[in-house]
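Understanding the architecture of this molecule
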Amino acid sequence: MTVVEIVRQSLQIGRSHKSLWLFAFVVGLGSGGGGGGGGTAGSGGAPGALVAAIVAAALVAIVAGVLMRLVSEGALIEGVSRAHRQEALSVREGFRIGWAHCGVLFRIAAIYVMATLVSIFVLAAPYVLAVRLLGRGVLVPLAIATLIVAVPWLVTLYAVQALASRIAVLEERHALDAIRKARLFLHGRMRHALKLMVAAFVGTLFVVAVGVIAIGPFVLLLVAAARLLGTAPVAVIGALTLVPAVFVLVAFMGTVQSAAWTLGYLEQAERRS
């Protein structure tokens, strides 16, 4: 499949399988990233019990968010696979399948994060040491050399993680087994993996562009109406209309980002069988 075909099929799945929207929304939010900085405490200081409660609530929210992200990823991978076979996945089935695979997906993600951090340290340490010993004159040449090595390696790690997640869910494999098969899968198929990355990126840009074109004028209209009607009624109208629109937009983003990899893996798996 070409990049355009992958994007088209991903969007078709998002349009035809609304039962995947909840999972795709969570995946889309997680892929969007974004970490807000913590606020500063008041000058008087909060009571210890209140601080402990806030920290505990924050930890619970983080754990719940990570868990929901893993469940949604597993459900969406299976949902896209079923859609590829012209089958459907209900929300209930999605939760069941996602929960069954959240452990292995967590282990794959943890191994990927650790491998990425170690790789960055190994690549950055000689660079920092050389700059300190030889001076800033080698800053640019060494930076270029480090990037030449780092970018392909980090891209490969990401591709292994993405493929291993699909192998673990679709073939019921353990984390290390899925990672080993993903490495073997990539041999001679790195161009295919890069195509899937491009498809996910292009598809996301397309969804964002459509969203801006569709929602942008309405937002401007609400801003203009706020001057005439007041903030409160316009805020209510905006919440009732924009929240569902943003939900669908993010869901389509999550569908495209996940489906590109799942469809790409399924295509190659079908060729081998």
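Higher on the page you've got the structure.
In this report, we go over the structure that sits alongside the text. Given the structure is predicted, the values throughout are model-derived calculations rather than measurements.

1. Observations regarding the nonpolar core
With 51 residues, the main nonpolar core has Leu-76, Ile-108, Leu-163 and Trp-261 as its most contacted residues. At the level of secondary structure, the elements contributing two or more residues to this core comprise helix H1 (3-16), helix H2 (21-32), helix H3 (48-84), helix H4 (91-134), helix H5 (139-171), helix H6 (175-186), helix H7 (190-229) and helix H8 (231-272). Per element, the largest residue contribution to this core is nine residues, and it comes from H8.

2. Describing the packing of H1 against H8
Two elements in contact, H1 and H8, have axes separated by 8 Å at closest approach and are oriented at 125°. Taken together, H1 and H8 sit at an angle that is classed as oblique. Note that H1 runs across H8; the crossing there is right-handed. Along its contact with H1, which presents Ile-6, Gln-9, Ser-10, Leu-11, Ile-13, Gly-14 and Arg-15, the element H8 presents Phe-252, Thr-255, Val-256, Ala-259, Ala-260 and Leu-263. Considering only residue class, the contact of H1 with H8 consists of eight nonpolar, four polar and one charged.

3. Topic: the packing of aromatic side chains
For the coordinates displayed, the defined rule picks out six aromatic pairs. With centroids separated by 6.0 Å and ring planes inclined at 55°, the aromatic side chains of Trp-21 and Phe-252 adopt a geometry described as tilted. Within this pair, whereas Trp-21 is found in helix H2, its partner Phe-252 is found in helix H8, the two being separated by 231 residues in sequence. Residue classification places Trp-21 among the buried residues on the basis of a relative accessible area of 16%. Here Tyr-112 and Tyr-158 contribute two aromatic rings whose centre-to-centre distance is 6.4 Å and whose plane-to-plane angle is 65°, an arrangement assigned as edge-to-face. In this pair, Tyr-112 sits in helix H4 while Tyr-158 sits in helix H5, placing the two residues 46 residues apart along the sequence. Accessibility expressed as a relative area gives 23% for Tyr-112, which makes it partly exposed. Assessed through its relative accessible area of 35%, Tyr-158 is described here as partly exposed. One aromatic cluster is present, formed by Tyr-112, Tyr-158 and Trp-261 through successive ring pairs. Cation over ring: Arg-189 sits above Phe-185, and NZ or CZ is 4.7 Å from the ring centre.

4. Considering unusual backbone geometry
Positioned with a positive phi, Gln-86 is a non-glycine residue whose angle comes to about 65°. Mapped onto the elements of the fold, Gln-86 is located in the loop between H3 and H4. The exposure class of Gln-86 is exposed, given its relative accessible area of 72%.

5. Quick word on the side chain of Ser-119
Checked against the element boundaries, Ser-119 lands in helix H4. Polar contacts involving the side chain of Ser-119 include one to the side chain of Trp-153, which spans 2.7 Å. Those residues in contact with Ser-119 that sit more than four places away from it in its chain are Trp-153, Leu-154 and Leu-157.

6. Focus: H1
Here H1 contains 14 residues, and its C-alpha end-to-end distance of 20 Å stays within 8% of the 20 Å for a straight helix at 1.5 Å per residue. Buried within H1 we find Ile-6, Val-7, Ser-10, Leu-11, Ile-13 and Gly-14. Taken around the axis of H1, the buried residues stretch over an arc of 155°, which confines them to a single face. Turned more than 90 degrees away from the buried face of H1 sit Val-4, Arg-8 and Arg-15, all of them exposed.

Rules used in this analysis
- Residues numbered from 1 in each chain as written.
- Predicted model: local features only at pLDDT ≥ 70, side-chain atom pairs only at ≥ 80, totals over all residues.
- Heavy atoms only, no water.
- Core = buried A, V, L, I, M, F, W, Y, C linked by side-chain atoms within 4.5 Å.
- Buried < 20%, exposed > 50% of the residue type's maximum accessible area, 1.4 Å probe, protein only.
- Helix = DSSP H or I, 4+ residues; strand = E, 2+ residues; numbered from the N terminus.
- Axes fitted to C-alpha atoms, helices over the stretch in contact; angles between N-to-C directions.
- Parallel < 35°, antiparallel > 145°, perpendicular 65-115°, else oblique.
- Left-handed = near helix turned anticlockwise from the far one by under 90°.
- Contact = heavy atoms within 4.5 Å.
- Nonpolar A, V, L, I, M, F, W, Y, C, P; charged D, E, K, R; others polar.
- Phe/Tyr/Trp six-rings, centres within 6.5 Å; stacked < 30°, edge-to-face > 60°.
- Lys NZ or Arg CZ within 6 Å of the ring centre and 35° of its normal.
- Polar contact = N/O pair within 3.5 Å; in protein donor to acceptor, adjacent residues only side chain to side chain.
- Expected span 1.5 Å × (residues − 1).
- Arc of directions from axis to C-beta.

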